[in-house]
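Examination of the molecular architecture
This is what each chain is made of:
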Amino acid sequence: MSSLTDTSVTQLPCPTLAQLEAEGAPEEKALFRQLDAVAETRDIHLPLLDELLHLPKGRVVQYLHAKARACTEKVYGDRIFLRALIEISSYCKNDCFYCGIRRSNTTLARYRMEEGTILDCCAEGYAHGMRTFVLQSGEDAWWTDERLCRIVDTLHRRHPDCAITLSLGERSRESYRRLFEAGASRYLLRHETADAAHYARLHPAEMSYEHRMQCLQDLKEIGYQVGCGFMVGSPGQSPQTLWQDLQFIRRFQPHMVGIGPFVATQQTPFAGEPNGSVEDCLRLLSLIRLLHPHVLLPATTALGTLHPFGRELGVLAGANVLMPNVSPVENREKYHIYDNKICLDDGVDHCIDCLERRLQSVGRRMVVDRGDFQV
Ligand code: SF4
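Residues numbered from 1 in each chain as written. Predicted model: local features only at pLDDT ≥ 70, side-chain atom pairs only at ≥ 80, totals over all residues.

**Description of the sheet that holds strand E4 (residues 163–167)**
- Reading across the sheet, the six strands line up as E2-E3-E4-E5-E6-E7 and stay open at both edges, with parallel pairing between neighbours. Of all strands in the sheet, those bounded by a partner on one side alone are strand E2 (84–89) and strand E7 (256–261). Direction aside, the axes of adjacent strands within the sheet are offset by 20 degrees on average.
- Packing of helix H11 (residues 278–291) onto the sheet brings it into contact with strand E6 (225–232) and E7, and relative to E7 it is tilted by some 165 degrees. (Pairing = 2+ DSSP bridges. Helix = DSSP H or I, 4+ residues; strand = E, 2+ residues; numbered from the N terminus. Axes fitted to C-alpha atoms, helices over the stretch in contact; angles between N-to-C directions. Contact = placed C-beta atoms within 7 Å.)

**Let's talk about unusual backbone geometry**
- The phi dihedral of Glu192 falls on the positive side, at around 75 degrees, and the residue is not glycine.
- Relative to the helices and strands, Glu192 resides in the loop between strand E5 (186–188) and helix H8 (196–202).
- At Gln267, a residue that is not glycine, the phi angle is positive and equals roughly 65 degrees.
- Inspection of the secondary structure assignment puts Gln267 in the loop between E7 and H11.
- Gln267 sits in the partly exposed class, given 16 other C-beta atoms within 10 Å. (Buried ≥ 20, exposed ≤ 12 C-beta atoms within 10 Å, placed from the backbone.)

**A word on the nonpolar core**
- Grouped together as the largest cluster of nonpolar side chains are 104 residues, with contacts concentrated most on Ala84, Ile86, Phe133, Tyr187, Leu285 and Ile288.
- When residues of this core are assigned to their parent elements, the largest contribution, nine residues, is made by H11. (Core = buried A, V, L, I, M, F, W, Y, C linked by C-beta atoms within 7 Å.)

**Notes on the confidence of the model for the protein chain**
- Mean pLDDT over the protein chain: 95, with 97% of residues reaching 70 or higher.
- In this model residues 2–9 is a low-confidence stretch, pLDDT under 50, and it forms twelve contacts with partners more than four residues away in sequence or in other chains. (pLDDT = per-residue confidence, 0-100.)

**Quick look at the environment of Pro274**
- Topologically, Pro274 is positioned in the loop between E7 and H11.
- Its 10 C-beta neighbours within 10 Å are what place Pro274 among the exposed residues.

**Focus: the site of the ligand**
- With respect to spatial proximity, the complete set of residues near the ligand consists of Cys92, Asn94, Cys96, Cys99, Ile101, Arg102, Gly138, Glu139, Gly169 and Ile337.
- Residues that form the shell around the ligand fall into these classes: five nonpolar, three polar and two charged. (Near = placed C-beta within 6 Å. Nonpolar A, V, L, I, M, F, W, Y, C, P; charged D, E, K, R; others polar.)

**Concerning the environment of Val348**
- Along the polypeptide, Val348 turns up in helix H15 (residues 348–360).
- A count of 19 C-beta atoms within 10 Å places Val348 in the partly exposed class.
- Along the backbone, Val348 and Thr41 are 307 residues apart, and their C-alpha atoms lie at a distance of 41 Å.
- Once residues lying within four places of it in the same chain are set aside, the contact partners of Val348 are Glu124, Gly125, His128, Pro324 and Val326.

**Structural notes on the domain arrangement of the protein chain**
- Looking at the protein chain, the domain boundaries give domain 1 (11–73) and domain 2 (79–367).
- Spacing between the C-alpha centres of domain 1 and domain 2 amounts to 28 Å.
- Listed by partner, the interface residues are 21 residues for domain 1 and 19 residues for domain 2.
- The set of elements that each furnish at least two residues to the side of domain 1 that touches domain 2 consists of helix H2 (26–41), helix H3 (46–54) and helix H4 (59–76).
- The dominant element in the side of domain 1 that touches domain 2, judged by the number of residues it contributes, is H4, at eight residues.
- Taken together, the residues that form the side of domain 1 that touches domain 2 break down as 13 nonpolar, three polar and five charged. (Domains from an automatic or database assignment.)

**Concerning helix H7 (residues 173–182)**
- Three or more residues of H7 are buried, namely Tyr176, Leu179 and Phe180. Each buried residue of H7 lies within a common arc of 105 degrees when the element is viewed along its axis, so the set occupies one face.
- Those residues of H7 that are buried are in contact with helix H6 (145–158), E4, E5 and helix H9 (209–222).
- At the C-terminal side of H7, Gly183 shows a positive phi close to 130 degrees. (Arc of directions from axis to C-beta.)

And the structure:
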């Protein structure tokens, strides 16, 4: 699919819809109208998605991003919401083919954070203006409901003005319910792909597409704000499977969607595969924004890993969330879900300064706010 070079990074000042309209050639304007229809109907057909993923950079792609930006601004203004990410355990019982902390990776030093350290990390995030804590982990049975509920309950009492998000993989409906009752209100569980055959290409046979989808359904029914998502450029992905992802998002109406480019990672079966395309990821971010205008959409660290201005470009494509890592620096290399992850050594002070500058460069500002889904 499409490619992006360093020289094309700084698109500022970004052309406005009116400028693009004035400059567009007739064949470009025909595609502008099709993108208007995507925004109006909140739907896209497969041939148009295919064409958009194969178009060279130019006015049509700029129009797509400008339209998505306008859509984000209409719902959320220039505000960017921060989520304090705490990677509480690098143990995982699963063996997903794309993931660096899969159980078969025996080269990795593993860790579990102490309860007190988790609470300290959240307090540091709070002191830096973050009002959402995301507790993330591999699927680690050591984290029983009792242990997790104790942490969630303590966090909830210490920081009643904050949202607690969990990203702990597949658990039972009863476990999700207990955690919700303890005070967690959001849950991130990437669906990875909405195509069962593609799911089987990315996961070992013991993992079930149907169960993943059931977990997402359970979470929604319990009352969580739910985030799904997928990698862009994963092995076996096609415009057809991506179209199924977009259709799933239309049907499921998640509160958040996390997408990032696939990053080939050592010690995984996909180590030799090509990385996903940043450019495709940006186009999909914009399309997701048009199909689901109120969704909370992170500019992911994986985007920043594959491109020095990946997160700024993500914001310019319609993203409105950033997830700074507030885990202890000594753990970060061990939470090695993919290679060459950025910001491994950055303290929270440095990270916030850096993100603030990056956001200013694209006309956005970070806010002290839970950043709930706006209906
Ligand atoms: S993607 Fe998640 S469930 Fe799969 S191996 Fe990695 S941490 Fe475990």
